[in-house]
Amino acid sequence: MNRILSGIQPTHKMHLGNYLGAVRNWVALQDSFQTLYCVVDLHALTQPQEPEALRAQTRELAAVLLASGIDPARSIVFVQSQVTAHSELAWLFACMTPLGWLNRMTQFKDKAGKNRDKAGLGLYAYPVLMAADILIYRATHVPVGEDQKQHLELTREIAGSFNHRYGVEFFPLPEPQIMGTATRVMSLRDGTSKMSKSDSSDYSRINMTDDADAIALKFRKARTDPEPLPTETAGLAERPEANNLVNIYAALTHKTPQDVLGEFGGTPFSTFKGALTDVAVATLAPIAGEMNRLLGDPGYVDGVLRDGGEKARALAAETLAGVQDIVGLLKP
Ligand code: TYM
């Protein structure tokens, strides 16, 4: 059966970009794949984290995933660090990943900034751990937002190179699933940069836990231009902020951007932002409500994660044993 693995980092809070670009698709795919979804706490450690905050954010993120519709009866939901085989496989992959491949990764360049000598080895090796997250389950499909495309290309290269080196067909080459009209949701303050958990301004993003007033305020303050909305999508080409808001509306209502412009073309942003607030609140309020209910019962969330970890460990152990055998590690 085709198998899905995807993950999300417990850094800061989950935002609308994570939801529309990834998590909403994870929910939809539960019926047609065997699905594994993990909170990737080891990836979060590539940047400094406060220990208690990391623990709380990990549980909180698991609760948002469940509240968004990830169903523990159909999906294995777990925390990355609770399945140690991810790290073990990452080492084996690290030994066969040329530096040249890692040097191409734009996310490392962006995150390390100018002072590359000060960046940690973990940040540099991050895509190798991500490849291990996916391949330890021999996942065939990986639903992600567009920003993860390059990491998935690297995952395919690592899988192919392992198979080639050892003359086996052990790992599948996983397919990225980049789906919908919101594969790259942009910042509300700057339509040319991605909506991100790490942006210093909270006005740049809609968090899954924002209430109706906060959502209304953030959309009201969202940067736009003085023109009314165009009637055709071609008119969005040079207007990144307008394009972003139209795409968000389209994704939230399951319409095409052209349909949205059919409805709102010619209207001023003030009108459109009000409608956008309404559809965002209609989607997010029930999720936030369910999340608060779940956080009132941390024992339940921890139980789901414990159970998911157990199932994930069993699947991962099988792959790891196979890999250890192939590369020539002596069995106990
Ligand atoms: P992370 O935690 O940054 O994001 C989680 C998911 O949300 C998507 N996403 C977006 N989609 C649309 N618009 C945006 N502005 C936006 N921002 C984030 C991401 O593409 C992602 O799908 N490296 C990954 C985590 C990871 C992973 C994995 C993913 C670790 N191991 C294995 C898949 C498979 C990351 O940092 O995602």
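For clarity, every value in this text was computed on a predicted model and none was experimentally measured.

Criteria and thresholds
- Residues numbered from 1 in each chain as written.
- Predicted model: local features only at pLDDT ≥ 70, side-chain atom pairs only at ≥ 80, totals over all residues.
- Heavy atoms only, no water.
- Phe/Tyr/Trp six-rings, centres within 6.5 Å; stacked < 30°, edge-to-face > 60°.
- Helix = DSSP H or I, 4+ residues; strand = E, 2+ residues; numbered from the N terminus.
- Buried < 20%, exposed > 50% of the residue type's maximum accessible area, 1.4 Å probe, protein only.
- Lys NZ or Arg CZ within 6 Å of the ring centre and 35° of its normal.
- Contact = heavy atoms within 4.5 Å.
- 1 Å grid on protein atoms, 1.4 Å probe; cavity = no way out; pocket = protein on both sides within 12 Å on 5 of 7 lines; lining within 4 Å.
- Points joined across faces, edges and corners; volume = space filled by probe spheres on them.
- Nonpolar A, V, L, I, M, F, W, Y, C, P; charged D, E, K, R; others polar.
- Lys, Arg positive; Asp, Glu negative; His and termini not counted.
- Salt bridge = Lys/Arg side-chain N within 4 Å of Asp/Glu carboxyl O.
- Polar contact = N/O pair within 3.5 Å; in protein donor to acceptor, adjacent residues only side chain to side chain.
- Domains from an automatic or database assignment.
- Buried area = accessible area lost by both parts, 1.4 Å probe.
- Near = heavy atom within 4 Å.
- Areas by Shrake-Rupley, 256 points an atom, 1.4 Å probe, with all protein chains shown as cover.
- Sits in = over half its atoms within 2 Å of the grid points.
- Axes fitted to C-alpha atoms, helices over the stretch in contact; angles between N-to-C directions.
- Parallel < 35°, antiparallel > 145°, perpendicular 65-115°, else oblique.
- Pairing = 2+ DSSP bridges.
- Right-handed = clockwise from strand over helix to strand, strands pointing away.

1. A word on the packing of aromatic side chains
Inspection of every chain in the model, using the stated rule, returns 12 aromatic pairs. For the pair F108 and Y124, a centre-to-centre distance of 5.0 Å together with 70 degrees between the ring planes defines the contact as edge-to-face. Of this pair, F108 sits in helix α6 (residues 106-112) while Y124 sits in helix α7 (residues 121-135); the two residues are 16 residues apart in sequence, bridging distant segments of the chain. Judged by relative accessible area, which is 8%, F108 ranks as buried. Taking the ring centre of Y203 as reference, the NZ or CZ of K221 above it sits at 5.4 Å.

2. Some thoughts on the environment of L16
Among the structural elements, L16 can be located in helix α1 (residues 16-29). For the pair L16 and R205, spaced 189 residues apart in sequence, the C-alpha to C-alpha distance is 7.2 Å. Discounting chain neighbours no more than four positions away, the residues touching L16 are M195, I206, M208, I248, L252 and L284.

3. Digging into empty space enclosed by the protein
It is a probe the size of a water molecule, rolled over the atoms, that shows where empty space is left. Tallied over the entire structure, the rule returns 1 cavity of 30 Å³ or more. A volume near 50 Å³ is recorded for the largest cavity. Looking at the largest cavity, the residues that line it are Q107, F108, K111, L123, Y126, P127 and H151. Residue composition of the lining of the largest cavity, grouped by class: 4 nonpolar, 2 polar and 1 charged.

4. Regarding the side chain of K197
Relative to the assigned elements, K197 resides in the loop between β5 (175-177) and α9 (212-221). Of the side chains with opposite charge, D147 comes closest to the buried, unpaired K197, at an N-O distance of 8.1 Å. Engagement of the side chain of K197 in a polar contact is seen with the backbone oxygen of Q9, the distance being 3.3 Å. Among all residues touching K197, those that are not within four sequence positions of it are I8, Q9, T11, H12, K13, H15, N18 and R205.

5. Structural notes on the domain arrangement of the chain
If you check the domain split of the chain, you get domain 1 (3-177 + 297-327) and domain 2 (202-292). The gap between the C-alpha centroids of domain 1 and domain 2 is 30 Å. Contact with domain 1, which involves 12 residues of that partner, is made by 14 residues of domain 2. Three residues stand out in domain 1 for area buried against domain 2, namely L16, R24 and A67, and they jointly supply 42% of the buried area on that side. Scanning the region where domain 1 abuts domain 2 turns up 0 salt bridges. Counting every contact that joins domain 1 to domain 2 gives 3 residue pairs in polar contact (both at pLDDT 80 or more).

6. As for the site of the ligand
As a matter of local geometry, the ligand sits amid 28 residues, with Y126, D133, D147, V185 and K197 nearest to it. A distance of 3.0 Å is found between a nitrogen atom of the ligand and a side-chain nitrogen or oxygen belonging to Q148. M195 is positioned such that a nitrogen or oxygen atom in its backbone is 3.0 Å from a nitrogen atom of the ligand. Look at the ligand: alone it shows 710 Å² of surface, and the protein chains cover 97% of it. Judged by the fraction of its atoms near the pocket grid, the ligand is located in the largest pocket. Here the residues of the shell around the ligand are counted per class, giving 12 nonpolar, 11 polar and 5 charged.

7. Some points on the packing of helix α10 (residues 240-253) against helix α11 (residues 257-264)
Where α10 meets α11, the closest approach of the two axes is 9 Å, and the angle between their N-to-C directions is 105 degrees. Taken together, α10 and α11 sit at an angle that is classed as roughly perpendicular. Here V246, N247, Y249 and A250 of α10 come into contact with α11, specifically with P257, V260, L261, E263 and F264. Partitioning the contact of α10 with α11 into residue classes produces 7 nonpolar, 1 polar and 1 charged.

8. With respect to the pairing of strand β2 (residues 34-39)
Counting buried positions along β2 gives 5 out of 6 residues, so the element sits mostly inside the fold. Sheet topology note: the strand β1 (residues 3-8)/β2 ladder contains 6 bridges and is parallel. Looking across to β2, one finds that L5 is bridged to L36. Read from β1 through α1 to β2, the crossover connection turns out right-handed. Where β2 meets strand β3 (residues 75-79), 5 bridges bridge the pair, whose relative direction is parallel. Each residue of the ladder has a partner; that of Y37, found in β3, is V77.

9. Observations regarding the pairing of β3
Across the 5 residues of β3, 5 count as buried, placing the element largely inside the fold. Of the two faces of β3, the one holding S75, V77 and V79 and the one holding I76 and F78 are both buried throughout.

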